[in-house]
Amino acid sequence: MNKKEVNSESISNFTRTAVIGIVSSGAVVVYLTYLIRYVFYEPVLQSLNLTNEQLGILYGLYGTTAMISYLPGGILADKIRVKYLATAGFGISAILTLWYSTLPSYEMLKIMFPLFGICTTFIYWGIRYKGIRLVSNDNTYSRNIGISYGIVGILGLVVNFISMWIFDQFAEMSAGFNAVLMFYAGLNILFAIASFVLIPKFEGEIVTTRKKFDLSELVAAIKHPGVWLTTLSMFFIYTVYTSLSYTVPYVTAVFGASVGTAALMGNIRMYGTSLFSSPIIGALATKIKSPAKTMLLCMGITAICLFVIVVAPHSAVFMIPVIILIMVLSFFLNGAYGVASSLFTETDVPATIFGSASGILSVIGFLPDMFVSPIAGKWLDQFGNGAYNYIFIALGVSALLSMVCAFLVLIYNKKRKSPDVSTEA
């Protein structure tokens, strides 16, 4: 089965749907175990007997490995078939999740988390968009990408609602945590089998000849102001984006929310808001023909919400208003995150250096994964609940800095298109 190579025109609708469904689902399923703290923060700490700083260090190790893996992961995706990389990604994630379910020591976790980085980024990261491209033509790719984002949002919500139900069936927190991990492992095994059975071999998916590295393209990308304005925008937006996992322990520790309430908020914040924000904010950016102006609006609202949360009284009666603020800022933050890379187009980064520009964006834009969690974890252990004010102030400043970058894009574009500049040139 699947021995014959196929293309986007020769495959059946069932195979096309299966491939889109599998590779899109991987953006949820392969990452479930790594992202478990975004929904079950307190159970992770208690079940593994970790401090906030130790958990932060583990996620810093993951971030470091992931950052190193972005570029070679893209190369690997050109050398090995989607069928086999998807199978390996799900399979290795299942093995690591089963290991995680044994509640290993901190020393073992320091080995495990870099392996999660290799699994999610080096092995799986490069195949989602490639897999969708292989089953699409020029007219259907955008539609299929939209379907893919819808699958990620809906599946993320459903899987985490099921996870919350499983967790609630156990009186002991560590038992519920273990059961959720076993559920995640089972999903990965199921998708590993589906990948091997249902994803065919595609014509032309293996790149046998690669264009030689051209240093001049990298130099041109480094010299282009648009590359750095886009990269710095992503850096500051992603700093806020990756740090919102701390809203889950925040509502528990400060307002006395139950683990179930905090998990529900984390699930909706992570998947529910993005399900709607990405298409709405994307449509807004298209309508006003300026991702930069869209980012100014979105990150402005994000910053306001963060600073309001800082001054909100730490009283149970304010829990619901604060949760609403978290949802609002998540909606606009997810939208800004979705359009941030579009600044490449707005600043006219040439297609000839787009690959180098994307590489710079991947390496620098996602650097916050390396340091945000270790710093936030240390603050929480050192300052207790008072650390949340420091965290949210830092995130508010980061949101403001992203607005500065967006504003500089507008200034750059105005000067670049100025008749005086053209005349002087």
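Residues numbered from 1 in each chain as written. Predicted model: local features only at pLDDT ≥ 70, side-chain atom pairs only at ≥ 80, totals over all residues. Heavy atoms only, no water.

Let us look at a nonpolar patch on the surface. Together, Phe307, Ile393, Val397, Leu400, Leu401, Val404, Phe407, Leu408 and Ile411 make up a nonpolar patch on the protein surface, roughly 690 Å² of accessible area in all. You can see phenylalanine 407 is positioned in helix H18 (residues 387–416). A residue is classified by how much of its surface remains accessible, and phenylalanine 407, at 47% relative accessible area, is partly exposed. (Patch = residues over 30% accessible without salt bridge, like charges linked within 9 Å, V, L, I, M, F, W, Y side chains within 5 Å. Areas by Shrake-Rupley, 256 points an atom, 1.4 Å probe, with all protein chains shown as cover. Salt bridge = Lys/Arg side-chain N within 4 Å of Asp/Glu carboxyl O. Helix = DSSP H or I, 4+ residues; strand = E, 2+ residues; numbered from the N terminus. Buried < 20%, exposed > 50% of the residue type's maximum accessible area, 1.4 Å probe, protein only.)

Turning to the environment of proline 104, a few remarks are in order. Along the chain, proline 104 turns up in the loop between helix H4 (82–100) and helix H5 (106–124). We classify proline 104 as buried; its relative accessible area is 9%. Note: C-alpha distance between proline 104 and valine 308 (204 residues apart in sequence) is 39 Å. Leave out the neighbours within four places in its chain, and proline 104 touches Leu48, Trp99, Leu109 and Met112. (Contact = heavy atoms within 4.5 Å.)

Moving on, we come to the environment of phenylalanine 113. Examined against the element boundaries, phenylalanine 113 turns out to sit in helix H5. In sequence terms phenylalanine 113 and leucine 96 are 17 residues apart; their C-alpha atoms lie 9.1 Å from each other. Sequence-distant contacts of phenylalanine 113, that is, excluding residues within four places in its chain, are made with Leu58, Tyr59, Tyr62 and Tyr100.

Mapped onto the secondary structure, aspartate 369 falls in helix H17 (residues 368–383). This buried residue, aspartate 369, is left without a salt bridge; arginine 37 holds the nearest opposite charge, at 6.3 Å. Separated by 2.7 Å, the side chains of aspartate 369 and tyrosine 238 make a polar contact. Not counting the four nearest positions on each side in its chain, aspartate 369 is found in contact with Tyr34, Tyr59, Gly60, Gly63, Tyr238 and Thr242. (Lys, Arg positive; Asp, Glu negative; His and termini not counted. Polar contact = N/O pair within 3.5 Å; in protein donor to acceptor, adjacent residues only side chain to side chain.)

By size, the foremost hydrophobic cluster in this structure holds 130 residues, and its most contacted members are Ile36, Phe40, Phe90, Tyr100, Tyr250 and Phe392. Ranked by residue count, the leading element in this core is helix H14 (residues 319–339), at 11 residues. The contact partners of tyrosine 250, leaving out residues within four places of it in the chain, are Phe255, Ile309, His314, Val322, Ile326, Tyr388 and Phe392. (Core = buried A, V, L, I, M, F, W, Y, C linked by side-chain atoms within 4.5 Å.)

All told, the structure shown has four salt bridges when counted by the stated rule. Glutamate 5 serves as the salt-bridge partner of arginine 81, at 2.6 Å between the closest nitrogen and oxygen. Highlighted residues: arginine 81 in the loop between helix H3 (52–79) and H4 and glutamate 5 in strand E1 (residues 5–6), separated in sequence by 76 residues. Since its relative accessible area comes to 15%, arginine 81 is described here as buried. Notably, a salt bridge pairs glutamate 107 with lysine 110, separated by 3.4 Å at the nearest N-O pair.

As a further point, take the packing of helix H11 (residues 247–255) against helix H12 (residues 259–288). It is at 9 Å that the axes of H11 and H12 come closest, and there the two elements cross at 150 degrees. Overall, the two elements H11 and H12 adopt an arrangement that is roughly antiparallel. The handedness of the crossing between H11 and H12 is right-handed. For the pair formed by H11 and H12, the contact residues are Thr247, Val248, Val251 and Thr252 on the first element and Ala262, Met265, Gly266 and Arg269 on the second. In terms of residue class, the contact of H11 with H12 is made up of four nonpolar, three polar and one charged. (Axes fitted to C-alpha atoms, helices over the stretch in contact; angles between N-to-C directions. Parallel < 35°, antiparallel > 145°, perpendicular 65-115°, else oblique. Left-handed = near helix turned anticlockwise from the far one by under 90°. Nonpolar A, V, L, I, M, F, W, Y, C, P; charged D, E, K, R; others polar.)

Structurally, the position occupied by tyrosine 34 is in the loop between helix H1 (13–29) and helix H2 (41–48). Put simply, tyrosine 34 and isoleucine 375 are 341 residues apart on the chain and 19 Å apart in space, counted from C-alpha to C-alpha.

Glancing now at unusual backbone geometry. Backbone geometry places lysine 289, a non-glycine residue, at a positive phi of 60 degrees. In this structure, lysine 289 sits in the loop between H12 and helix H13 (291–311). Owing to a relative accessible area of 73%, lysine 289 belongs among the exposed residues under this scheme. Of note in the backbone geometry, aspartate 348 takes a positive phi value of approximately 55 degrees without being a glycine. In this fold, aspartate 348 is placed in the loop between helix H15 (343–346) and helix H16 (354–365). For aspartate 348, a relative accessible area of 45% corresponds to the partly exposed category.

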